[in-house]
Amino acid sequence: DAGVIQSPRHEVTEMGQEVTLRCKPISGHDYLFWYRQTMMRGLELLIYFNNNVPIDDSGMPEDRFSAKMPNASFSTLKIQPSEPRDSAVYFCASRLGGEQYFGPGTRLTVT
Amino acid sequence: KQEVTQIPAALSVPEGENLVLNCSFTDSAIYNLQWFRQDPGKGLTSLLLIQSSQREQTSGRLNASLDKSSGRSTLYIAASQPGDSATYLCAVRHGAGKSTFGDGTTLTVKP
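No experiment lies behind these values; they were computed from the predicted model shown.

Cut-off values and rules
Residues numbered from 1 in each chain as written. Chains lettered and ligands numbered in written order. Predicted model: local features only at pLDDT ≥ 70, side-chain atom pairs only at ≥ 80, totals over all residues. Heavy atoms only, no water. Helix = DSSP H or I, 4+ residues; strand = E, 2+ residues; numbered from the N terminus. Rg over C-alpha atoms; globule rule 2.2 N^0.38 Å. Contact = heavy atoms within 4.5 Å. Areas by Shrake-Rupley, 256 points an atom, 1.4 Å probe, with all protein chains shown as cover. Lys, Arg positive; Asp, Glu negative; His and termini not counted. Charge placed at Lys NZ, Arg CZ, Asp CG, Glu CD. Core = buried A, V, L, I, M, F, W, Y, C linked by side-chain atoms within 4.5 Å. Buried < 20%, exposed > 50% of the residue type's maximum accessible area, 1.4 Å probe, protein only. Buried area = accessible area lost by both parts, 1.4 Å probe. Salt bridge = Lys/Arg side-chain N within 4 Å of Asp/Glu carboxyl O. Polar contact = N/O pair within 3.5 Å; in protein donor to acceptor, adjacent residues only side chain to side chain. Pairing = 2+ DSSP bridges. Axes fitted to C-alpha atoms, helices over the stretch in contact; angles between N-to-C directions.

Colleague: Just give me the short version of the overall build of chain B, but keep the residues and values in it.
Modeller: Looking only at helices and strands, chain B has zero helices and eleven strands in total. Helices and strands appear in chain B in the N-to-C order β-β-β-β-β-β-β-β-β-β-β. Relative to the globule expectation of 13 Å for 111 residues, the C-alpha radius of gyration of chain B, 13 Å, shows essentially globular dimensions. Considering only C-alpha atoms, chain B reaches an extent of 40 × 25 × 20 Å along its principal axes. Sequence-distant contacts in chain B: of pairs separated by 6 or more residues, those separated by 24 or more amount to 53%. Accessible surface computed for chain B: about 5200 Å², of which carbon and sulfur atoms make up 48%. Separation of charge centres in chain B, based on 10 positive and 9 negative side chains, amounts to 5 Å.

Colleague: For the nonpolar core, give the residues involved together with the corresponding values.
Modeller: Formed by 22 residues in total, the largest nonpolar core has its most connected members in L33(B), W35(B), L75(B) and I77(B). In this structure, L21(A), L46(A), M60(A) and I79(A) belong to the second largest nonpolar core, which totals 21 residues.

Colleague: Give me unusual backbone geometry: which residues, what numbers.
Modeller: Omega for the bond connecting S7(A) with P8(A) falls within 30 degrees of zero, at -10°, which places this linkage in the cis form. Cis peptide bonds are those with omega within 30 degrees of zero, and the linkage from I7(B) to P8(B) qualifies with 5°. Positionally, P8(B) belongs in the loop between β1 (4–7) and β2 (10–14). In this structure, N52(A) takes a positive phi of about 75° despite not being glycine. As for its placement among the helices and strands, N52(A) is situated in the loop between β5 (42–50) and β6 (53–56). Not every positive phi belongs to a glycine, and A79(B) is a case in point at roughly 45°.

Colleague: Could you give me a rundown of the interface of chain A and chain B, with the residues and numbers involved?
Modeller: In many reports, interface size means the accessible area that the parts give up when they come together. Counting residues at the interface gives 19 residues for chain A and 17 residues for chain B. Between chain A and chain B, roughly 1400 Å² of surface is buried when both sides are summed, and carbon and sulfur atoms account for 49% of that area. Our count for the contact surface shared by chain A and chain B stands at one salt bridge. Note that D56(A) is salt-bridged to K98(B), the shortest N-O span being 3.1 Å. Here chain A is connected to chain B by six residue pairs in polar contact (both at pLDDT 80 or more).

Colleague: Could you give an account of the sheet that holds strand β7 (residues 62–67) of chain B, with specific residues and numbers?
Modeller: Residues and elements named next belong to chain B. One open sheet accounts for five strands, arranged β1-β3-β8-β7-β6; its pairing is antiparallel. Because the sheet does not close on itself, it has two edges, and the strands there are β1 and β6 (56–59). Ignoring which end each strand starts from, the neighbouring axes of this sheet average 15° apart. Sheet topology places β7 next to strand β8 (residues 72–77); six bridges connect them, and they run antiparallel.

In structure tokens, the structure reads:
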């Protein structure tokens, strides 16, 4: 398996623009997690899904953030409108049973 | 609310030294504990997973222990190498759902 796949790897956008981050989990994994990592706040869980259903979105910072998982092999995290304070590395991770596996991350810069 | 602490935040050792990284958590009712490695600009790579019923796990030069009653886990690295330089994070999982991550220990192994 290719592991967790995220796209794009880097995104630079202007404040106010819509940003969509994509994730393909490892095939067969039933949990999917979205995290954000910054120097100031470390690794934060934003939302996670179980069998495509959102279970806990309490980490989503504002209504500007939304996440979907239309099927078992695809998820998106959308920020609309984006703000400079959203600049961070966004990770997707998937899990079946015990271990969590992380994607390479998307480095988002909002200017 | 589970809190996970990793001390020290940074550690520098000469090559060849054995070392211990610490992870403490406040709620002992955990499901499992996972140690990760993160290289600069990269995603998290799983190193070891310890189930709540286990006391330790070993992989090569790495050994992770778990003491639920005291709320502690240690990651032992034997005969450290410059290639071990990275940030090491522990993650405590509470049940079927999410994990709580520590802020990590940044390790530098000097040749």
